[in-house]
Amino acid sequence: MSLSPPISSATAIIDSQALMNNFQQIKRLAPHSKIVAVLKANGYGHGLARIAKLLVQKQIAVDALGVARIDEALALRAAGIVQPIVLLEGVFSAEDLAIVAVNDLQVVVHNHQQLTAILHANPQQLLEKKLKVWLKIDTGMHRLGIAPQEFSRFYQQLKQSNNVSDPIVLMSHLACADDQQNSSTSTQLALFAEITSAINEPKSCANSAGICIWSQSHYQWVRPGLMLYGVSPLAFKPADFSHFKPQLNLAPVMTLQASVIAIQKIKAGDFVGYGNNWQSSQDTHIGVIAIGYGDGYPRHAENGTPVLLNNRIVPLVGRVSMDMITVDLGNNSQDKLGDIATLWGNGLPVEIIANHASTIPYELLCNIKPRVRFIVK
């Protein structure tokens, strides 16, 4: 086996053992539920096919994969993935149903147009296959889903259609599950139970946060996304980040790294970077690291954003550039060219970086750019 080339510019290390650990944590929290692993947005930036191939190994053997759009599903089929795939946004046109059928995809139905397309589809168009359908109810998120008063009609029409197979999975999505103090989750779950309790079909409500803190949301299927990648789905207030530690025994699947490519000695009073928005208060060394917003590192990361270098935290100083960031190494720095910095991941949770950049971990992970090199270990 050949050795990976040394890290120089932006490199994302994908930890397959961490992925397995997180999957097992999900199984522990929801032991009686099947799992749809959500891989939309290029596997949350980790690589769509890359993560799927790890999840379908015998050690994990996920029950199904979830994507947002049909092109993501087709990319998985082209990569040799044969496991069930759920289109979480359903189809966007009636013509897509033939593609769904030939590729053995499952579809979420959340509006009248999708219902009509399925009911009126020619069986020959579907290659005489019955469609596997998930029916989504809007219980309070007010994004996708049919209104509660429409449920009975939608369900009965799908149930009676020769184009639809049994069972029909009933589902909803939780808007505030990451905040245990928010009463809207209890309200949503109560409404979902009221609408569906008399119907003997599989059900699904739990996203990552629901899996973690709302056991009554687990039902027969859970749909983990963020936590699968080792990131906490629970809400934190900014003050919490001064003492933030990884939650729920999750392990980061991605560690983003790059090397030090220059070290500059500067004097007290010197400015660093575009716009002179940081000025040194003392003599120090500035390290230049080969990563920037052109790789997906957040453009708006503030001065003081932590970077892990040689087992210590050094602060980001100056503006993030397209290809580089600068950090304050200190006046007595022993760092050298080629040393590897961790921008987030193992030893430095992405949640902390997101807080310093006034964003959320989802955005940072999904913003990883194509030029970043990936290594799977």
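Our subject is the structure that appears above.
Bear in mind that the values here come from a model prediction, so they are computed numbers and not experimental data.

Student: Looking at this model, I keep getting lost on the sheet that holds strand β6 (residues 132-136). Mind explaining?
Tutor: What links the strands of a sheet is backbone hydrogen bonding, and the strands pair in either a parallel or an antiparallel sense. One closed barrel holds the eight strands; their spatial order is β2-β3-β4-β5-β6-β7-β8-β9, and the pairing between them is parallel. In this sheet, strand β9 (residues 221-222) lies alongside strand β2 (residues 34-38) in parallel orientation, the contact comprising two bridges. Across the sheet, the residue bridging to lysine 34 is tryptophan 221, located in β9. Lying over the sheet, helix α7 (residues 151-160) contacts β5 (106-109), β6 and β7 (169-171), oriented at roughly 175° with respect to β6. Packing of helix α8 (residues 184-196) onto the sheet brings it into contact with β7 and β8 (203-206), and relative to β8 it is tilted by some 175°.

Student: Explain the pattern of salt bridges to me, please; I cannot follow it from the model alone.
Tutor: Where charged atoms from two side chains of opposite charge approach closely, those side chains can pair. Within the structure shown, the criterion is met by eight salt bridges. The closest approach of N and O atoms between lysine 159 and aspartate 166, which form a salt bridge, is 2.7 Å. Residue lysine 159 is classed as partly exposed on the basis of its relative accessible area, which comes to 32%. Between aspartate 323 and arginine 371 there is a salt bridge, with the nearest N and O atoms lying 2.7 Å from each other. Placement of the pair is aspartate 323 in the loop between β13 (312-315) and β14 (325-328) and arginine 371 in the loop between α11 (361-366) and β16 (373-376), with a sequence separation of 48 residues. Put simply, Lys159, Asp166 and Glu201 are held in one network by salt bridges that share partners.

Student: Would you explain empty space enclosed by the protein in this entry?
Tutor: Which parts of space are left empty comes out when a probe the size of a water molecule is rolled across the atoms. Inspection of the entire model under this criterion finds one cavity of 30 Å³ or more. Computed from the structure, the largest cavity encloses a volume of approximately 40 Å³. Residue lining of the largest cavity: Lys136, Ile137, Asp138, Thr139, Met141, Arg143, Leu144, Ser172 and His173, and that is the complete set. A per-class count over the lining of the largest cavity returns three nonpolar, three polar and three charged.

Student: Would you mind showing me how to read the nonpolar core here?
Tutor: Among the nonpolar cores identified, the biggest contains 111 residues, and Leu39, Leu55, Leu65, Leu135, Tyr297, Ile325 and Trp344 are the most heavily contacted of them. Ranked by residues supplied to this core, first place goes to helix α3 (residues 48-55) with five residues. Contact partners of leucine 39, with chain neighbours within four places excluded, come to Tyr44, Leu48, Ile51, Ala52, Leu55, Leu65, Gly66, Val67, Leu76 and Tyr229.

Student: Can you help me understand unusual backbone geometry in this one?
Tutor: Of all residues except glycine, most have a negative phi; of all peptide bonds, most are trans. Look at the link from aspartate 166 to proline 167: it is a cis peptide, with omega at -5°. Of note, proline 167 is situated in the loop between α7 and β7. One non-glycine residue with positive phi stands out, namely histidine 142, at about 55°. Take histidine 142: it is sitting in the loop between β6 and α7. With a phi angle near 50°, tyrosine 219 is a residue other than glycine that sits in the positive phi range. Residue placement: tyrosine 219 occurs in the loop between α9 (208-213) and β9. Judged by relative accessible area, which is 25%, tyrosine 219 ranks as partly exposed.

Student: Just to check I follow, could you spell out the state of the cysteines for this structure?
Tutor: Such a bond, covalent and formed between the sulfur atoms of two cysteines, is termed a disulfide. Applying the stated criterion to the full structure yields zero disulfides. With no disulfide partner, cysteine 366 has as its closest neighbouring cysteine sulfur the one in cysteine 212, 18 Å distant. On the basis of relative accessibility, which here comes to 32%, the residue cysteine 366 falls in the partly exposed class.

Student: For this particular structure, what's the right way to read the pairing of β8?
Tutor: Regular strands show a simple pattern: their side chains alternate between the two faces of the sheet. In terms of strand pairing, β7 meets β8 through two bridges, oriented parallel. Bridging from a neighbouring strand, methionine 171 pairs with serine 204 of β8. Note that the unit made of β7, α8 and β8 has a crossover that is right-handed. Pairing analysis gives two bridges linking β8 to β9, with the strands arranged parallel. Opposite alanine 206, over in β9, you have valine 222 as the bridge partner.

Student: Can you walk me through helix α1 (residues 16-29) in this structure?
Tutor: Owing to its 3.6 residues per turn, the α-helix aligns residues three or four sequence positions apart on the same side. Along its 14 residues, α1 runs 20 Å from first to last C-alpha, staying within 8% of the 20 Å computed at 1.5 Å per residue. Tucked into the core, α1 has its buried residues touching β1 (11-14), β2, α3, α9 and β9.

Student: Hey, could you run me through the environment of leucine 65 in this one?
Tutor: Among the secondary structure elements, leucine 65 is positioned in strand β3 (residues 64-67). Since its relative accessible area comes to 0%, leucine 65 is described here as buried. C-alpha of leucine 65 to C-alpha of leucine 88: the two residues are 23 residues apart in sequence and 9.9 Å apart in space. Leucine 65 has contacts with Val36, Ala37, Leu39, Ala52, Leu55, Leu76, Ile81, Pro84, Ile85 and Val86, leaving out every residue within four places of it along the chain.

Student: I'm lost on helix α6 (residues 112-119) in this one. Help?
Tutor: Within α6 the residues assigned to the buried category are Gln114, Leu115, Ala117 and Ile118. With its buried residues spanning 165° around the axis, α6 presents them on a single face. Where α6 is buried, its residues touch α5 (96-102), β5, β6 and α7. Structurally, the start of α6 carries an N-cap: the backbone nitrogen of glutamine 113 is 3.1 Å from a side-chain oxygen of asparagine 111.

The rules behind each value
Residue positions are given per chain, counted from 1 along the sequence in the order it is written. Predicted model: local features are reported for residues with pLDDT of at least 70 only, side-chain atom pairs are reported and counted for 80 or more only, and whole-chain, interface and lining totals are derived from all residues. Computation of side-chain values covers all heavy atoms of the structure but excludes hydrogens and water. Between any two strands, at least two bridges found by DSSP are needed for them to pair. Each helix corresponds to a stretch of at least 4 residues labelled H or I by DSSP, and each strand to a stretch of at least 2 residues labelled E; elements are numbered beginning at the N terminus. Residue contacts are counted whenever heavy atoms from the two residues lie within 4.5 Å of one another. Note on geometry: axes are lines fitted to C-alpha atoms, helical ones only across the stretch in contact, with angles between N-to-C directions running from 0 to 180 degrees. Think of a salt bridge as a Lys or Arg side-chain nitrogen and an Asp or Glu carboxyl oxygen that are within 4 Å of each other. Only protein chains enter the area calculation, which uses a 1.4 Å probe; residues under 20% of their type maximum are buried, those over 50% are exposed, and those in between are partly exposed. Of the grid points, spaced at 1 Å and generated over the protein atoms alone, those admitting a 1.4 Å probe that cannot get out make up cavities, while open sets with protein on both sides within 12 Å along at least five of seven lines make up pockets; any residue with an atom within 4 Å of a point is treated as lining. Grid points are joined across faces, edges and corners, and a volume is the space filled by probe spheres set on the points. For this classification, the nonpolar set comprises Ala, Val, Leu, Ile, Met, Phe, Trp, Tyr, Cys and Pro, the charged set comprises Asp, Glu, Lys and Arg, and every other residue, Gly included, is treated as polar. We call a set of buried Ala, Val, Leu, Ile, Met, Phe, Trp, Tyr and Cys residues a nonpolar core when their side-chain atoms join them within 4.5 Å. Any two cysteine sulfur atoms lying within 2.5 Å of each other are counted as a disulfide. If the strands point away from the viewer and the path from the first strand over the helix to the second runs clockwise, then the crossover is right-handed. The span expected for a helix works out to 1.5 Å for each residue beyond the first. The directions considered for the arc run from the helix axis to the C-beta atoms. Counted as a polar contact is a pair of N or O atoms within 3.5 Å, where, for protein atoms, one must be capable of donating a hydrogen and the other of accepting one, and residues adjacent in sequence contribute only when both atoms are in side chains.

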